[in-house]
Amino acid sequence: MDGAANDLRMLRYVAEVTRRLAKMLSRTRYQMLVYFLEMTAVEADSLAAEQDRRAEARKPPRN
């Protein structure tokens, strides 16, 4: 489980850094790169959310 938590943190970190880079580049002429970075961030967030849901589904219910 500890490895999964690290994976989630890494995915969220990638999303955060990618969004910051996209924001910095949005003031330039590299609009296709900005779009790619934004989509990468969205995908990283989506993967992290999916892993969260799977981890919650595997946990035994609390009584």
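Use the structure listed above.
Here's what I pulled together on the structure shown here. (Residues numbered from 1 in each chain as written. Predicted model: local features only at pLDDT ≥ 70, side-chain atom pairs only at ≥ 80, totals over all residues. Heavy atoms only, no water.)

## Concerning the pattern of salt bridges
What counts here: We define a salt bridge as a contact between a side-chain nitrogen of Lys or Arg and a carboxyl oxygen of Asp or Glu at a distance within 4 Å.
Under the definition given, this model contains 5 salt bridges. Residues joined by salt bridges that share partners form a network here, namely Glu50, Arg53 and Arg54.

## Overview of the nonpolar core
Short version of the rule: Remark: nonpolar core denotes a set of buried residues (Ala, Val, Leu, Ile, Met, Phe, Trp, Tyr, Cys) joined through side-chain atoms within 4.5 Å. Classification of residues uses two cut-offs on accessible area relative to the type maximum, computed with a 1.4 Å probe and protein chains only: under 20% is buried, over 50% is exposed, and between them is partly exposed. Under the DSSP-based scheme used, a helix requires at least four consecutive residues in state H or I and a strand at least two consecutive residues in state E, with every element numbered from the N terminus. What makes two residues a contact is simply this: any of their non-hydrogen atoms within 4.5 Å.
In this structure, Leu8, Leu11, Ala15, Ala41, Ala44 and Ala48 together form the largest nonpolar core, which totals 6 residues. Those elements that place two or more of their residues in this core are helix H1 (2-25) and helix H2 (31-58). Ignoring anything within four residues of it in the chain, the contact list for Ala48 reads Leu8, Leu11 and Arg12.

## Comments concerning the environment of Gln31
Note the cut-off: Whenever a nitrogen or oxygen atom comes within 3.5 Å of another N or O atom, the pair is scored as a polar contact, on the condition that within protein one atom can donate a hydrogen and the other can accept it, and that pairs from neighbouring residues in sequence are kept only if both atoms are in side chains.
Relative to the assigned elements, Gln31 resides in helix H2. Its relative accessible area of 42% is what places Gln31 among the partly exposed residues. Residues in contact with Gln31, not counting those within four places in the same chain, are Leu25 and Ser26. Here Thr28 takes part through its backbone oxygen, which lies 3.0 Å from a polar atom of the side chain of Gln31.

## Some remarks on a nonpolar patch on the surface
Inclusion rule: Each patch is built from salt-bridge-free residues with over 30% relative accessible area, joining like charges within 9 Å and nonpolar side chains (Val, Leu, Ile, Met, Phe, Trp, Tyr) within 5 Å. Accessible areas in this description were obtained via Shrake-Rupley with a 1.4 Å probe; residue shielding takes into account the shown protein chains only.
A surface patch of nonpolar side chains, about 370 Å² in accessible area, is lined by Met10, Tyr13, Val14 and Val17. Within the secondary structure, Val14 is located in helix H1. Taking the relative accessible area as the measure of exposure, Val14 reaches 32% and is therefore partly exposed.

## Overview of the environment of Ala41
For Ala41, the position within the fold is in helix H2. Expressed as a C-alpha distance, the spacing of Ala41 and Val17, which sit 24 residues apart in the sequence, is 8.3 Å. Every residue in contact with Ala41, bar those within four places of it in the chain, is listed here: Ala15, Thr18 and Arg19.

Shape descriptors only; they carry no functional weight alone.
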